[in-house]
Amino acid sequence: MLKEEWQPPPVAEVLAVYAGRAKDTVTATRGAAKVRESLNRARAASAQRRAAQKTARRTPKSA
């Protein structure tokens, strides 16, 4: 007996749950700002890490 492949529910069916909702722009804007802030923080952190690695490679090990 073959095991049936799991299929995700149709998108329309999933989104139907949210169809009646009013769009809360204040919350949406705040959420977007939080996401943007977090992305910028991550980008800055990774740039800093790269710079640190670059200087570590450039610096001679023997003093």
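For the structure itself, look to the data block above.
Cut-off values and rules
Residues numbered from 1 in each chain as written. Predicted model: local features only at pLDDT ≥ 70, side-chain atom pairs only at ≥ 80, totals over all residues. Heavy atoms only, no water. Helix = DSSP H or I, 4+ residues; strand = E, 2+ residues; numbered from the N terminus. Rg over C-alpha atoms; globule rule 2.2 N^0.38 Å. Buried < 20%, exposed > 50% of the residue type's maximum accessible area, 1.4 Å probe, protein only. Areas by Shrake-Rupley, 256 points an atom, 1.4 Å probe, with all protein chains shown as cover. Patch = residues over 30% accessible without salt bridge, like charges linked within 9 Å, V, L, I, M, F, W, Y side chains within 5 Å. Salt bridge = Lys/Arg side-chain N within 4 Å of Asp/Glu carboxyl O. Polar contact = N/O pair within 3.5 Å; in protein donor to acceptor, adjacent residues only side chain to side chain.

Participant: So what exactly am I meant to see when it comes to the overall build of the protein chain here?
Facilitator: Tallying secondary structure elements over the protein chain gives 2 helices and 0 strands in all. The C-alpha atoms of the protein chain give a radius of gyration of 24 Å, which is well past the 11 Å a tight globule of 63 residues would have. Classification of the 63 residues of the protein chain by burial places 2% in the buried group. Of the roughly 6500 Å² that the protein chain leaves accessible, carbon and sulfur atoms contribute 60%.

Participant: Please explain a nonpolar patch on the surface as it appears in this structure.
Facilitator: On the surface, V11, V14, L15, V17 and Y18 cluster together into a nonpolar patch covering about 500 Å² of accessible area. Considering the arrangement of structural elements, one finds L15 in helix α1 (residues 11–19).

Participant: Help me understand the side chain of S46 in this model?
Facilitator: With respect to the helices, strands and loops of the structure, S46 is situated in helix α2 (residues 25–58). Within the local environment of S46, its side chain forms a polar contact with the backbone oxygen of R43, the two atoms lying 3.0 Å apart.

Participant: When you look at the pattern of salt bridges in this model, what are you seeing that I'm missing?
Facilitator: A side chain of one charge can pair with a side chain of the opposite charge when the charged atoms of the two come close. According to the stated counting rule, one finds 1 salt bridge in the structure shown. With its nearest N and O atoms 3.3 Å apart, the salt bridge here joins R41 to E37. Taken as a pair, R41 and E37 lie in helix α2 at a separation of 4 residues, close to a single helical turn. By relative accessible area, which is 44% here, E37 ends up partly exposed.

Participant: Sorry if this is basic, but what is going on with the environment of A19 here?
Facilitator: Within the fold, A19 resides in helix α1. Taking the C-alpha atoms as reference points, A19 and R36, 17 residues apart in sequence, are found 26 Å from one another.

Take it as geometry only, folks, not as evidence of what the structure does.
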